[in-house]
Number of protein chains: 2
Amino acid sequence: MVAHERGLGIRYWMTTGNEVDLSVGETIQMMAEDPEVHTIMAYAESVKDGEQFTKALDAARSEKKPVIFMKVGRSEVGAAAANSHTASLAGEDVIYDEVLRAHGAYRVKSTEEMLDIAYATRAKTYPTGKNLGVVTISGGGGVLIADAAADEGLTVGPMPQDTQDELKKLVPFASPMNPVDVTAQFFNDLSIVPKFTDLMLSRGGYDALIGFWTTVPGSPILSKPLLESLKKAMKGYDDKLFINCMVANEDIVKTYENAGFLCIEDPTRAVVAMSALMFFGEEFKDKHFVNDFNKKDFVVHIPNKKLNEVDCSQILTNFGLPIVTSTLIRNKDELKSIFNEDNNKYVMKIVSPDIQHKTDVGGVKLNIGNIDNAIKSYEEIHLNIKNNAPNAVIDGVMISPMVKGGIECILGAKIDPVFGPIVMFGLGGIYAEVMKDIAFAEAPISHKKAEKMILSLKGKDLFYGARGQSSINIEALKEIIVNLSNFIAEKSNQIDQVVMNPLLVSDKQVIALDALIVTK
Amino acid sequence: MVAHERGLGIRYWMTTGNEVDLSVGETIQMMAEDPEVHTIMAYAESVKDGEQFTKALDAARSEKKPVIFMKVGRSEVGAAAANSHTASLAGEDVIYDEVLRAHGAYRVKSTEEMLDIAYATRAKTYPTGKNLGVVTISGGGGVLIADAAADEGLTVGPMPQDTQDELKKLVPFASPMNPVDVTAQFFNDLSIVPKFTDLMLSRGGYDALIGFWTTVPGSPILSKPLLESLKKAMKGYDDKLFINCMVANEDIVKTYENAGFLCIEDPTRAVVAMSALMFFGEEFKDKHFVNDFNKKDFVVHIPNKKLNEVDCSQILTNFGLPIVTSTLIRNKDELKSIFNEDNNKYVMKIVSPDIQHKTDVGGVKLNIGNIDNAIKSYEEIHLNIKNNAPNAVIDGVMISPMVKGGIECILGAKIDPVFGPIVMFGLGGIYAEVMKDIAFAEAPISHKKAEKMILSLKGKDLFYGARGQSSINIEALKEIIVNLSNFIAEKSNQIDQVVMNPLLVSDKQVIALDALIVTK
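Residues numbered from 1 in each chain as written. Chains lettered and ligands numbered in written order. Predicted model: local features only at pLDDT ≥ 70, side-chain atom pairs only at ≥ 80, totals over all residues. Heavy atoms only, no water.

**Details of the environment of D189 of chain B**
Tracing the backbone shows D189 of chain B in the loop between α9 (185-188) and α10 (192-203). Side chain to side chain, D189 of chain B and S191 of chain B meet in a polar contact 2.6 Å long. (Helix = DSSP H or I, 4+ residues; strand = E, 2+ residues; numbered from the N terminus. Polar contact = N/O pair within 3.5 Å; in protein donor to acceptor, adjacent residues only side chain to side chain.)

What follows is the structure in C-alpha cells.
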C-alpha cells in the first residue's frame, strides 16, 4: 500500500513463508526471467539454498534487473526473533552482506530505503560511475547533499577550473565548484539553470546529477519555467540520471516525473537512492560476467587422521600457502641439525592432539638461540607436560624460527551452511579482533576479488604505507588469499575450517606463523 | 512547509546568515527562555562563539527543551562548500559531535530525521531508559524493529519468564519474548492487544513501546477497536511513550494522535525518533546539572622558553601525569649513576630543540642494558649528530628505562578555536591511528566523563579484559585523563597542545613513554 502511494506498479507479491515449497531464490529466478518485471524487491530472514539463491541473483544481474534486498535479523535480538517465528537458522549476517553484494543485489536496512530505491529504478538509468554533480539554489542544501554523498562513498568532484571561471562570469557570486550553487540569482534569471546544468553535464564529467530546488517547483509561477529549463538542459543527456529534491504537490511531481526526472523530497534520501543506482550501474557493466579465476593445480592429499600442526603446515605449504618452516623433533639429538646454520631465534611447542592450550601446560618456549638452550627447553617442556597433562599422547616437539615484523593479519576459510566454502581475511592482533575488521568472500576467488577484500578493510591504509611505513607486498598477499580460497573450494568435502593466524604481512614477505586445519 | 505538513507548529524561524549580528547560540538562548517554545530545531554550518553556544544548549536542557541540531559540513567537500558560502571556519567536526552531545543537543544528519524527532517531541514524554518493548502483529516487523533498535544502541530486553508463560497461555503460538508477536490471532480477538500491552508495561520494565500494526489502523472495521484497545492498555501509563507504526490516512492518524499516541509510518524512522527521545530523557535527568569535578590543586610553573622532552616530562609529572622517568645527561660520567641498580633496559635519545625526527639522524638507541653499552651508545649518538645535524643546538642526551606491555593508547589536549580546551583519549599504535578511534571532551572533565570517554571507544573491550587478558586499571586511567584535562584548562593561555604518546595502559600501571608540550 505504501508502495502504491509511491506510484510503484507491482506485478508480483510473493510470500514464501517457511519455504517448505518455494524458496526466495526460486522466486527471484522466476522474476528475473519474466520480461514484464524490471525491478525485484525481496525481504528475507534467511536463505536456505545458497546455490539456487546466488544463481538467481546472477540471473537478475545479467538481465540488468536491480534486486533490492532486505535481509533482517542483523542484530542478536533480531536474529533470535527471526528464528523463533520461522524456525530457520539464519547463518552469519556478515556473510549475507558479502554474498548479496558479490551477486549484485543491493542490501537495504529499512522499508523506506527499499521503496525509495525501487521508485528510482523507474528511470531505468544506472549511472556507470560514482561522481555526483550537485546543482542547488541553496548553499546549505548543497552542503547537506555533499555530506550525505560522502557517507555513501560517492565522489563530489570539482568542476574543471576553466568551466568554474565561465560560471563565475555568468553569476559572479555563485559557488561554481560542486556543489554548484546558482544562488537566489536564479529567481531573476531562470535561464541560468539550463546554462549551469549544461556545463555540468558537458564538462563536469559527472555520472549523474542531483538538483536541490526547495519549494520552487511547487510555486505556481516558477514551477513550469523551471521544468522547461531543466528539460532544455537535459536535451542530449538522456543517459544521465537527474534526481530533483523538491517540495511540491503530487500533480506537479507527476509533471516532472513524466518529463523523465525523478523527484525525491528529502535530499539525504535522494542521495541514498542515487548511491544504490550507481551500485547497480557498476554491477550491470559486462565485466561481471567474466570469470577471471586463475587457478593453479596443486595436488594435495589430506590424510584421514586428526591433523597436528606439522601436518597442517605441510599440507598448506604444498598448496602454495607459506607457513613458517617447522620441524617435528622426537628426541634431543635431532635438535643439533637445527642449530648450526643461522643466528635465528626459535620457538618450541609441544605437539599433541590432546593439548589445545599449549601455554597453559608449559608447552611453549620462546627465544631459543642456541643448542644448549634448545636442549634445556626440550627437557623442560617434557617435564611440564608430564606434570600438567600426564595422559596426553605426544607426537613430539615442534621447532620453528621466530619471525617478527609486518602487519599482523588473519587468513581463514570455512564451510558456511548456506553458501558453502568461504574465505576470510582481516587485520589480526587483539585490537583488530575486537574491531572485527574482516572481509569475507565465497570461494574460490579471483585475484581481483582478493584485492577488493583487502581494500574493503577499515584498516586498509596500513597495507598501502600509512604513516611513512613501506607498502606491503600486495601481489604476494593476493596470491595467498586466492590459494586458500582454492584450497577450501577443492577440499570442501573433507575440511570444515582453516585458520592461518597470525599471518605476518610486510614489504618483504607474507608468512603465517601458525596454521590449523579442522577436518570434518 | 514540509514541517507544516507534519503538523508541527512553528513559533520562530530564525536565520542568522553570516552571524555578523545575531549568533546561533543567542538564538537558542532566546528560545530556551521563551515559555511558548518547547522544541528547538537548529541548522548550522559552524558556530562562532563556543561559550555562548554551549551556555545556550545548557539553558535549553535545564528547561527540558529538546534541541535537535543539524550541523552540516561533516565531509571534506561539504565543509569546503560551507566555507565558500558563509566564509566561516567550521573547525573539527568530531568536536562538534562531542560538544553537542555533551550539552544535551541531539545531532541529526538529515532533514527527515530532524522533522521526525521534532514531531515525536509533541508528546513531551522523554523515556528515562533505553529498554524498548515491541508489540507487533507481524513477526517480520518485529525483527526489523529489533535490528533498527540495535543500530541505535537500544536494548530490546526479554519479558520475564513467568510473564512469557502467561502470554503463551493467552495465545499459544505467540512469540512472547520481545518483540512480542501477538500474531494474526489478534484479528479474531482484539482484546489480546490490551492484555499483551498491559503485561509489557506492568511487568516488562520497558521505558517505552513501539507497536507495529501495518495497515490495520487504516481498516474501517478495525481502526476504532484497535485504538480503543490501545487506549485501554495505556490507562495508568501516561508517562510511557508509545509510538505506533501504522499505515492509515491523515484523519485516522489524527484520531490516534489526539488519544496521545505518536504515529510514524516507517518502523526504522520510528526507532530513530524513539532513540532521540530516549537521549533527551537521559539528558533531562537532574544529574546533569551537578558539577562533579574533583579538581586537585597542582601548582605548576611553565618556563617561558622552548620546552624540550625533559622539561615537558617534568612539568606533566608535577601535574600528576605519569611519564617514564628520564634523566638528562650532559657527559658520559653521569651515565654511571643510572647503571648500578636494576636490570632494566634503557633507551637513549638526543635532546635538541632543532631536531624533530630523532631516528632519522641516528639520535636514538634502544635496548641499552649496561654501562659499556651506554657509553658506546652515547658516543655513537653524538657522532651521528655531528655528521647528520652539525648545526643543531644540543641540550644533552635523555636516558629512560624501556617499558613494555599494556595497551598502547594516546592521550592529548589542545585548544580548539571555537570551544577552547579539549582533552582527547584514544587507542594508539598504527592500526588504531588508521581507525581514528579517539574520544574528545571539553576540558576540564569529571571522572565520570573520563569513564564515558573510555566507554565510547570502538575498541573499549580491550580495557575490560577482552580475550582473557586482565582488565586494566580503569581508575588510574580515569585519574590521568582528568588530570590532563585540568592541566589544559588551567594553562590554556600558555599552551596550545599536549601529546602523551604512547600511553601504556595495563592492569599494573598507566604510564606515558613520551610527552610533548607545545606552548603558544
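That was the structure; now back to the text.
**Description of the nonpolar core**
Counting residues in each nonpolar core, the largest one holds 98 residues, and the members touching the most others are F425, F463 and F487 of chain A together with F425, F463 and F487 of chain B. Residues in contact with F425 of chain A, not counting those within four places in the same chain, are C409, I410, L411, I438, A439, M453, I454, L457, F463, L477, I481 and L503 of chain A. (Core = buried A, V, L, I, M, F, W, Y, C linked by side-chain atoms within 4.5 Å. Buried < 20%, exposed > 50% of the residue type's maximum accessible area, 1.4 Å probe, protein only. Contact = heavy atoms within 4.5 Å.)

**A short note on helix α12 (residues 250-258) of chain A**
All names here are of chain A. Turning to α12, its buried residues are I252, V253, Y256 and E257. Burial along α12 is one-sided: seen end-on, the buried residues are contained in an arc of 140°. Facing away from the buried surface of α12 by more than 90 degrees, the exposed residues are D251 and N258. Buried residues belonging to α12 abut α6 (111-120), α11 (223-234), β7 (241-246) and β8 (262-263). In this structure N249 caps α12, since a side-chain oxygen of it lies 3.1 Å from the backbone nitrogen of D251. (Arc of directions from axis to C-beta.)

**As for the pattern of salt bridges**
Within this structure, the stated rule accounts for 53 salt bridges over all chains. Here K336 of chain A and D333 of chain A are joined by a salt bridge, their closest N and O atoms 3.8 Å apart. Relative accessible area serves as the criterion here: at 54%, D333 of chain A is assigned to the exposed category. K231 of chain B is the partner of E228 of chain B in a salt bridge, and the nearest nitrogen-oxygen pair spans 3.7 Å. Here E228 of chain B and its partner K231 of chain B are both found in helix α11 (residues 223-234), three residues apart, which amounts to about one turn of the helix. For E228 of chain B, a relative accessible area of 42% gives the class partly exposed. (Salt bridge = Lys/Arg side-chain N within 4 Å of Asp/Glu carboxyl O.)

**What to know about the interface of chain A and chain B**
Of the residues lining the interface, 55 residues belong to chain A; the matching set on chain B comes to 55 residues. Across the chain A to chain B interface the summed buried area is about 4300 Å²; carbon plus sulfur atoms make up 65%. Inspection of the region where chain A meets chain B yields six salt bridges. Linking D151 of chain B and R74 of chain A is a salt bridge whose minimum nitrogen-to-oxygen distance equals 2.8 Å. At the junction of chain A and chain B, the tally comes to 14 residue pairs in polar contact (both at pLDDT 80 or more). Those elements that place two or more of their residues in the side of chain A that touches chain B are α1 (2-5), α4 (76-86), α6, α7 (139-151), α13 (267-283) and α16 (429-435) of chain A. A total of nine residues in the side of chain A that touches chain B trace back to one element, the largest contributor, which is α7 of chain A. Here the side of chain A that touches chain B is composed, by residue class, of 25 nonpolar, 15 polar and 15 charged. (Buried area = accessible area lost by both parts, 1.4 Å probe. Nonpolar A, V, L, I, M, F, W, Y, C, P; charged D, E, K, R; others polar.)

**As for the sheet that holds strand β1 (residues 40-44) of chain B**
Residue and element names in this part refer to chain B. Taken together, three strands build an open sheet; the order of strands is β1-β2-β3 and the sheet is parallel. Two strands close off the open sheet at either side, each with one partner strand: β1 and β3 (105-107). Neighbour to neighbour, the strand axes of the sheet diverge by 25° on average, direction disregarded. Strands in contact with helix α2 (residues 24-33) are β1 and β2 (67-71); relative to β1, the strand with the most contacts, it is inclined by about 175°. Here helix α5 (residues 93-102) sits on the sheet in contact with β2 and β3, set at roughly 140° to β3. (Pairing = 2+ DSSP bridges. Axes fitted to C-alpha atoms, helices over the stretch in contact; angles between N-to-C directions.)

Without other data, these values stay purely geometric and don't point to any function.
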